Amino acid sequence: VYENLLEPIALGPTQIANRVFNPPHGTTLGRSGLVTEDFIAYHEARARGGVGLIILEGMCFHPSFDFEEAYLYAGSDKIIPGITKLSKACKAHNTSVFGQLFHAGRAVRYSHDGSKPLIYSASDIPDDRYRVVPIPMPNEMVWELIDSYAKAAERLVEAGLAGVEILASMGYLIAQFLNPTTNQREDEFGGTFENRLRFLRETIAQTRKAIDTSKTLGVRITLDEKTDTGMEAGEVIKICKALDDDNHLDYFSVISGSSSSPEGWIHVFPPMAVPHAFVADDAAQLKKVVSKPVLVAGRINQPQTASEILTSNKADMIGMARALITDPNFVNKVAANRSDDIRACIGCNQACVGHRLTHHAISCIQNPKTGRERIFGSVEKARSKKAVFIIGGGPAGLKAAVIGAQRGHEVVLYEQQAKLGGQVNLAETLPGRAEFGGVTTNLTHELERSSVQVHLNSTASTETIKEFGPDTILVATGAVPRLPEVEVNGPDIFHAWAVIQ
Ligand SMILES: Cc1cc2nc3c(=O)[nH]c(=O)nc-3n(C[C@H](O)[C@H](O)[C@H](O)COP(=O)(O)O)c2cc1C
Ligand code: SF4
């Protein structure tokens, strides 16, 4: 057991049950800016799985950044009933819930109806991703926005949340004010260090006043934006030191990357080519200068990695966004000394980030229950036991076999190759994609703990099928490459499999 992951910690007035938190992540499970039953079921599944703290996805709260189809909207009291229900559902599992307030500033491409929205930033400097020229936010709008942060925070705690986090990270609006390359204002919010910091500082001070000291207030901040025009880590540390001295914050949550460039963006959703725990050293740097707990996230998907960060005193809490998308029961498995049973996230970004960025509800290629908790949440015993014959030991066949066995069926699986995994075995051989093999490792582990009979190097035939006498045959032989029937003169044509092999 990784005991240190299970120790409680206080974040200001909130006592958190253990050291694992679920960082904010957009789920696209809300509707029209409001909480839905699917959204509650998604978070309750993670709370039931033992996570100490959930920080809900970044919410909009002001008309200058309001995309209700993609984000929850905390700028109106309509959000209150849903948040209240969610917070009660999670509290029942001893999980604390905070909200995050988010404004993207210039990092917006278009509205969901395809029209070009008005986009505001500190100054009229476009980023290197969307290249949209923003409108410099009028001075009175900045003050109005500060007030809106405070009002939205007040609303969220009134709804029952134990705390609020201000997103000042990843090159979004507040970071655009902090950074001299994106802030060329001449009013009290631009120019000197103090002026550029004023927006964040005032937001924190007003928010603290609004939620008083009985609730937790934190900030999410990036030390290394992984972008040429990003902030210097030294300057961000100076900012954090100043905020720490103001004494309104209860924690600092450190992350990496930026929305402002393709290189920075890769590190916001770090894929498998990015090393595990790649932000831990940034957190350690910050921890040396601030007095409050430091939280960290970023490609932490195994209990040993998480535990080691705590042991080496690099951070006080460990964030797992995708690790809990893949395995909501991560913490309970650690507590039950079943860490080997954890289904580790592989950083493929397919069904989580991929769905989110195409405006679909998030899920996971390794855990299709994610985002569909109300449909597939619990695996129930089948009313009548069947004999199930599965042909093909790729991901689909393996998953079907495990679920079939869990439901009480008698399952056999035939795989013609010597190794299970199907096309995953090809994908993992590509440069930087070795972790793809984790899909097979995880599924094989689940299979080994089930009653499924596996036949490797075995082609299913009429005889083998008749001999077993199945009620159901499931063909999971996958796809094969197709060469189009066109005449090509010149170079030979190879399909992708042949090239990889
Ligand atoms: C689908 C998705 C949506 C995200 N949305 C947010 C967000 O709203 N606010 C935020 O601060 N971070 C957001 N993130 C970043 C995560 O909080 C986290 O920093 C990142 O996923 C790296 O951590 P991980 O390796 O544990 O997933 C999002 C991540 C994902 C995968
Ligand atoms: S889809 Fe891939 S990256 Fe996303 S949570 Fe699942 S395994 Fe992790």
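Residues numbered from 1 in each chain as written. Chains lettered and ligands numbered in written order. Predicted model: local features only at pLDDT ≥ 70, side-chain atom pairs only at ≥ 80, totals over all residues. Heavy atoms only, no water.

Going by what an unreviewed UniProt entry lists, the protein is known as NADH:flavin oxidoreductase/NADH oxidase N-terminal domain-containing protein and is assigned to marine metagenome.

An account of helix H6 (residues 233-246) is requested, with residue identities and associated values reported.
Helix length check: H6, at 14 residues, gives a terminal C-alpha distance of 20 Å against a target of 20 Å (1.5 Å per residue), a fit within 8%. Where H6 is buried, its residues meet helix H4 (173-178), helix H5 (193-211), strand S9 (216-224), strand S10 (251-256) and helix H8 (280-287). At the C-terminal side of H6, Asn247 shows a positive phi close to 65 degrees. (Helix = DSSP H or I, 4+ residues; strand = E, 2+ residues; numbered from the N terminus. Expected span 1.5 Å × (residues − 1). Contact = heavy atoms within 4.5 Å.)

How would you explain the site of ligand 1 if you had to name every residue and give the values?
In the vicinity of ligand 1 there are 20 residues, among which Pro24, Arg220, Arg299, Ala321 and Arg322 approach most closely. Relative to its free-state accessible area of 600 Å², ligand 1 is covered by the protein chains to the extent of 95%. Residue composition of the shell around ligand 1, by class: 10 nonpolar, 6 polar and 4 charged. (Near = heavy atom within 4 Å. Areas by Shrake-Rupley, 256 points an atom, 1.4 Å probe, with all protein chains shown as cover. Nonpolar A, V, L, I, M, F, W, Y, C, P; charged D, E, K, R; others polar.)

Run through the sheet that holds strand S16 (residues 472-475), naming residues and quoting values.
The strand order across the open sheet formed by 4 strands is S15-S14-S13-S16, and the pairing between neighbours is parallel. This sheet does not close on itself; its edge strands, each paired only once, are strand S15 (453-455) and S16. In this sheet, neighbouring strand axes are inclined to one another by 15 degrees on average, regardless of whether the strands run parallel or antiparallel. Alignment of strand S13 (residues 387-391) against S16, held across 4 bridges, turns out to be parallel. (Pairing = 2+ DSSP bridges. Axes fitted to C-alpha atoms, helices over the stretch in contact; angles between N-to-C directions.)

Pulling in residues and values, what's your account of the pairing of strand S8 (residues 163-167)?
Two faces make up the sheet, and in a regular strand the side chains alternate between them. Of all the 5 residues making up S8, 5 are buried; the element is thus mostly covered by neighbouring parts of the structure. By the alternation rule, side chains of S8 split into Gly163, Glu165 and Leu167 and Val164 and Ile166, which are all buried. Here strand S5 (residues 96-101) runs beside S8; their pairing, made up of 4 bridges, is parallel. Within S8, the position partnered with Leu101 by the bridge is Ile166. Sheet topology note: the S8/S9 ladder contains 5 bridges and is parallel. For Ile166, the partnering residue across the bridge sits in S9 and is Val219. (Buried < 20%, exposed > 50% of the residue type's maximum accessible area, 1.4 Å probe, protein only.)

Go over the packing of aromatic side chains with me, naming the residues and quoting the values.
Going through the model one piece at a time under the given rule, you end up with 14 aromatic pairs. On the basis of an interplanar angle of 50 degrees and a centroid distance of 4.3 Å, the ring pair of Phe61 and Tyr149 is categorised as tilted. In this pair, Phe61 sits in the loop between strand S4 (53-59) and helix H2 (80-91) while Tyr149 sits in helix H3 (residues 139-158), placing the two residues 88 residues apart along the sequence. One exposure class covers both Phe61 and Tyr149, and it is buried. Centroid distance Phe98 to Tyr251: 6.0 Å. Interplanar angle 20 degrees. Geometry classified as stacked. With Phe98 in strand S5 and Tyr251 in strand S10, this residue pair connects regions lying 153 residues apart in the sequence. Arg129 extends its terminal NZ or CZ atom over the ring of Trp265, reaching a point 3.7 Å from the ring centre. (Phe/Tyr/Trp six-rings, centres within 6.5 Å; stacked < 30°, edge-to-face > 60°. Lys NZ or Arg CZ within 6 Å of the ring centre and 35° of its normal.)

Any details on the UniProt feature "domain: FAD/NAD(P)-binding" (unreviewed entry) in the protein? Residues and values, ideally.
Sites flagged by UniProt as "domain: FAD/NAD(P)-binding" (unreviewed entry) map to residues 387-487. This span, residues 387-487, is 34% helix and 17% strand, and a straight line between its end C-alpha atoms measures 47 Å. (UniProt positions renumbered as here; feature names shortened; annotations may be inferred.)

Now, about the pattern of salt bridges: what can you tell me, with residues and values included?
Scanning the entire structure with this criterion turns up 23 salt bridges. Here Lys226 makes a salt bridge to Asp224, at a shortest N to O gap of 3.3 Å. Given the relative accessible area of 28%, Lys226 is considered partly exposed. Relative accessible area serves as the criterion here: at 29%, Asp224 is assigned to the partly exposed category. Residues Lys287 and Asp316 are paired through a salt bridge, measuring 3.0 Å at the closest nitrogen-oxygen approach. Separated by 29 residues along the polypeptide, Lys287 in helix H8 and Asp316 in the loop between helix H9 (303-311) and strand S12 (317-319) bring together distant segments of the chain. One salt-bridge network, in which partners are shared between bridges, spans Glu194, Arg201 and Asp246. (Salt bridge = Lys/Arg side-chain N within 4 Å of Asp/Glu carboxyl O.)

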